[in-house]
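Read off the chains here:
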Amino acid sequence: MVFGTTHKVRSHRLGRRRKKGGNRMVVAPWIVITLVCVLVAAGLTWGFVALMRAGCSGEVYRVTIAAAPSVAGTLEDAVQAWEATQPEASTGQCIGASVREVAPDAASRGMSGVWDEKSLGPRPIAWAPDSQAWSAWLASNETTAGIVAAEPIVLGQATSVLAVPESKAAELGWVGGEPPAWADVLDAVEGGSISLAAANPRTSTEGFVAMLNASGDGSGGFSEEAMAAWKGATGSGALVDGAREPLAAYAEAPDPTRVVTALDYQVEEFNAENAPADPLVPITPAGSSVSAVAIYQVLSVVEGGWVSESDASIAEAFGAYLEDAVASGEFDDADLQAVDDPAAALAATSPEAVGQAVRTWQVGREDLHVLFLVDRSASSENETVTYGGEDLNAGDAAVQTAIATVEEMASTYRVGVWEYGVGAGDGEPYRQVTGLTELSDEGRETVETDLYDVSGNSYDGGAPLYDTLLAASAFMNGEAADGAVSVIVVLTNSSKDDVSAGTAEETAGQLEGPTVVYTVGFGDTDPQQLTTLATATGGAFIQAPDDGGVLAAIGG
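Residues numbered from 1 in each chain as written. Predicted model: local features only at pLDDT ≥ 70, side-chain atom pairs only at ≥ 80, totals over all residues. Heavy atoms only, no water.

1. Observations concerning the overall build of the protein chain
Inference 1: If you tally the helices and strands in the protein chain, you get 19 helices and 19 strands.
Inference 2: Once local pairs closer than 6 in sequence are excluded, the contacts in the protein chain between residues at least 24 apart make up 78%.
Inference 3: Per element, the accessible surface of the protein chain, about 25800 Å² overall, is 49% carbon and sulfur. (Helix = DSSP H or I, 4+ residues; strand = E, 2+ residues; numbered from the N terminus. Contact = heavy atoms within 4.5 Å. Areas by Shrake-Rupley, 256 points an atom, 1.4 Å probe, with all protein chains shown as cover.)

2. Some points on the sheet that holds strand 12 (residues 368-375)
Inference 1: The six strands lie next to each other as 16-15-12-17-18-19, forming an open sheet whose pairing is mixed. At either end of the open sheet lies a strand with only one pairing partner, and these are strand 16 (428-438) and strand 19 (541-543). The average angle at which neighbouring strand axes cross in this sheet is 20°, direction not considered.
Inference 2: Pairing of strand 12 with strand 17 (residues 485-492) involves seven bridges; the strand directions are parallel. Bridged to Phe 372 within strand 17 is Val 489.
Inference 3: Packing against the sheet, helix 16 (residues 441-454) makes contact with strand 12, strand 15 (414-425) and strand 16, and its axis sits at approximately 160° to strand 16.
Inference 4: Contacts from helix 19 (residues 527-535) reach strand 17, strand 18 (516-521) and strand 19, with the element oriented near 165° to strand 18. (Pairing = 2+ DSSP bridges. Axes fitted to C-alpha atoms, helices over the stretch in contact; angles between N-to-C directions.)

3. Focus: the nonpolar core
Inference 1: Residues Ile 65, Leu 75, Trp 230 and Tyr 296 are the most contacted members of the largest nonpolar core, which totals 85 residues.
Inference 2: Excluding residues within four positions of it along the chain, Ile 65 makes contact with Leu 75, Val 79, Ala 97, Ser 98, Val 99, Arg 100, Ala 126, Ala 128, Tyr 296 and Phe 318.
Inference 3: Counting 35 residues, the second largest nonpolar core, distinct from the first, contains Val 385, Leu 392, Val 454 and Val 516. (Core = buried A, V, L, I, M, F, W, Y, C linked by side-chain atoms within 4.5 Å. Buried < 20%, exposed > 50% of the residue type's maximum accessible area, 1.4 Å probe, protein only.)

4. Considerations on the packing of aromatic side chains
Inference 1: Enumeration over the complete set of coordinates arrives at eight aromatic pairs.
Inference 2: Considering the side-chain rings of Trp 134 and Phe 208, the 4.7 Å spacing of their centres and the 70° angle between planes classify their relative orientation as edge-to-face. Of this pair, Trp 134 sits in helix 5 (residues 132-139) while Phe 208 sits in helix 8 (residues 205-214), placing them 74 residues apart in sequence.
Inference 3: The exposure class assigned to Trp 134 is buried, which follows from its relative accessible area of 0%.
Inference 4: Its relative accessible area of 1% is what places Phe 208 among the buried residues. (Phe/Tyr/Trp six-rings, centres within 6.5 Å; stacked < 30°, edge-to-face > 60°.)

5. Examining helix 14 (residues 351-362)
The periodicity of an α-helix, 3.6 residues per turn, causes residues three or four positions apart to be oriented the same way.
Inference 1: With 12 residues, helix 14 should reach 16 Å at 1.5 Å per residue; the first-to-last C-alpha distance of 16 Å fits that figure.
Inference 2: Buried within helix 14 are the following residues: Ala 353, Val 354, Gly 355, Ala 357, Val 358, Thr 360, Trp 361 and Gln 362. (Expected span 1.5 Å × (residues − 1).)

6. Focus on the sheet that holds strand 9 (residues 258-263)
Inference 1: Spatially, four strands are ordered 8-9-7-10 in an open sheet, and the strand pairing comes out mixed. In the strand order of this sheet, the two ends are held by strand 8 (195-197) and strand 10 (280-283), each with one partner. For this sheet the average axis-to-axis angle between neighbouring strands, irrespective of direction, equals 30°.
Inference 2: Bridge count for strand 7 (residues 160-165) against strand 9 is four bridges, and the pairing is antiparallel. In the sheet register, Leu 162 faces strand 9, and the bridge partner there is Thr 261.
Inference 3: On the sheet, helix 11 (residues 264-274) packs against strand 7, strand 9 and strand 10 and is oriented at approximately 115° with respect to strand 9.

7. What about unusual backbone geometry?
Inference 1: A positive phi angle, near 55°, is found at Gln 86, a position not held by glycine.
Inference 2: In this structure, Gln 86 sits in the loop between helix 2 (69-83) and strand 3 (88-89).
Inference 3: We note that Ala 275 has phi near 45°; this positive angle belongs to a residue other than glycine.
Inference 4: With relative accessibility at 61%, the residue Ala 275 sits in the exposed group.

8. Brief notes about the packing of helix 5 against helix 14
Inference 1: Look at helix 5 against helix 14: their axes get within 8 Å of each other, and the N-to-C directions meet at 85°. With respect to helix 14, the element helix 5 is oriented roughly perpendicular. The segment helix 5 lies against helix 14, with Ala 133, Ala 136, Trp 137 and Ala 139 engaging Pro 351, Val 354, Gly 355, Val 358 and Arg 359.
Inference 2: Residue composition of the contact of helix 5 with helix 14, grouped by class: seven nonpolar, one polar and one charged. (Parallel < 35°, antiparallel > 145°, perpendicular 65-115°, else oblique. Nonpolar A, V, L, I, M, F, W, Y, C, P; charged D, E, K, R; others polar.)

9. A few points about the pairing of strand 9
Inference 1: Where burial is concerned, most of strand 9 is hidden: five out of the six residues are buried.
Inference 2: Across three bridges, the pairing between strand 8 and strand 9 is parallel. If you follow Ser 195 over to strand 9, its bridge partner there is Arg 258.

10. Here we look at helix 19
Inference 1: Those residues of helix 19 not exposed but buried are Leu 530, Leu 533 and Ala 534. Each buried residue of helix 19 lies within a common arc of 95° when the element is viewed along its axis, so the set occupies one face.
Inference 2: Against helix 17 (465-479), strand 17, helix 18 (504-510), strand 18 and strand 19 lie the buried residues of helix 19. (Arc of directions from axis to C-beta.)

11. A look at the side chain of Arg 376
Inference 1: Within the secondary structure layout, Arg 376 lies in the loop between strand 12 and strand 13 (384-387).
Inference 2: Here Arg 376 occupies a buried position and makes no salt bridge, while the nearest side chain of opposite charge, Glu 381, is found at 4.0 Å.
Inference 3: Among the polar contacts listed, one links the side chain of Arg 376 to the backbone oxygen of Val 454, at a separation of 3.3 Å.
Inference 4: Residues in contact with Arg 376, not counting those within four places in the same chain, are Glu 381, Gly 395, Asp 396, Val 399, Glu 419, Tyr 420, Val 454, Ser 455, Gly 456, Asn 457, Ser 458 and Tyr 459. (Lys, Arg positive; Asp, Glu negative; His and termini not counted. Salt bridge = Lys/Arg side-chain N within 4 Å of Asp/Glu carboxyl O. Polar contact = N/O pair within 3.5 Å; in protein donor to acceptor, adjacent residues only side chain to side chain.)

Shape is all these values report; function is a separate question.
Here it is, written out as structure tokens:
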């Protein structure tokens, strides 16, 4: 990026204005005629050359836009149309934009914590989430409010709905008349006539907007009572990452009692692609005031931030073009509806109400204590896997996964690191690298530095997971606090443990207390043993991601 250079964007005017006036001189007519012909010819030549040379020149300097996957394609089309007008800086340099798909939850975490360029791409100058709620969430926090202080441009909206099998909607009287209120929906869940596949508000737009509507007071504010009912009906165990998973499950095995939080276009696409015998109908409960309003927002220049004034001016120039395109109807996204009153649509998600809703929903969740157990046995160096588009040994990929997970975590979380391998330390097959550390700026740096240091260690022999896990479970149970979720995350490529005493089944039978175990397998590991250990505690086996972390999978 060209930081420190001011790019003032100007419009394009072909040709120049001629000056009038000057002394008059009397000459012979034939001289005048000849001179006029010469000037006309010269003028035509100059005009042609000027036309050919007009506009910017050289390579295009582009700023990055982080866009939600659902709007990225339409934004790319808009960028191409804008660049076709040859926008330029005052220096004559061509300017443009590059659209990068970034899920809005990942973008919001990156802006509030550490922006991971390896997995998220270059730090963005502008942001286009598919719901203004994500921006309002950042605005509700004093430390991140300045990043999203600029006035957003409204691109369109999708409606928050419940995807209800048509037969069940008819049975409940939810079609053909007044829609049910949120209280009616939650009563139906409590009464057992329906179950609710609620998407996680921290990992999906459909879940976020549904939560805001369900917990609203009907006038754009927040209701503690309504939130308590919502949490009671959903519960942390019933949350899914997004609508895709439960919709796919319905396609395979239709369940007329299963209701899914979704956006209207997701229901339309599902019916069109699957043509189910019992189609899903989109129900918008009465009292829903929040839509998923897609916006374009230039990120603000903040002290110590990554947005320079020159880059911001380029993003603003595209924003002006985009605003005109929306007003004229040229910005056309099949999934978005027009917004009649942008100001009112944005006001439905005030930072105060959104912040209160998220913080209240997180009660019992925000204090997450995580202990990473990193396999540094010789086998972790002998297998190559792909992570972040690169070929790494399994042990290094495990460390990178742990670091990516830490980068996504909130500052209230506490994280510890152990490594294990034969002879790891003090007569034990494991070594306590980092005690449970709160993720303040300094704490986060400490944990990440310790994880990088772990990647330089290797221990001959097998992987003593069982003994390490029992010790780690006892440690975490002793550290458990009221209201905190205690989790162990095992990162390994070893299929079994030939070093520890006992078997996976015996070890699983000895795991006690509130601590939940998640096992993350890299490479060709056999998940059977790892699944046995995890499910005994209410956790799960997770196949290692190709990049990024595993926070969403462990309930963060």
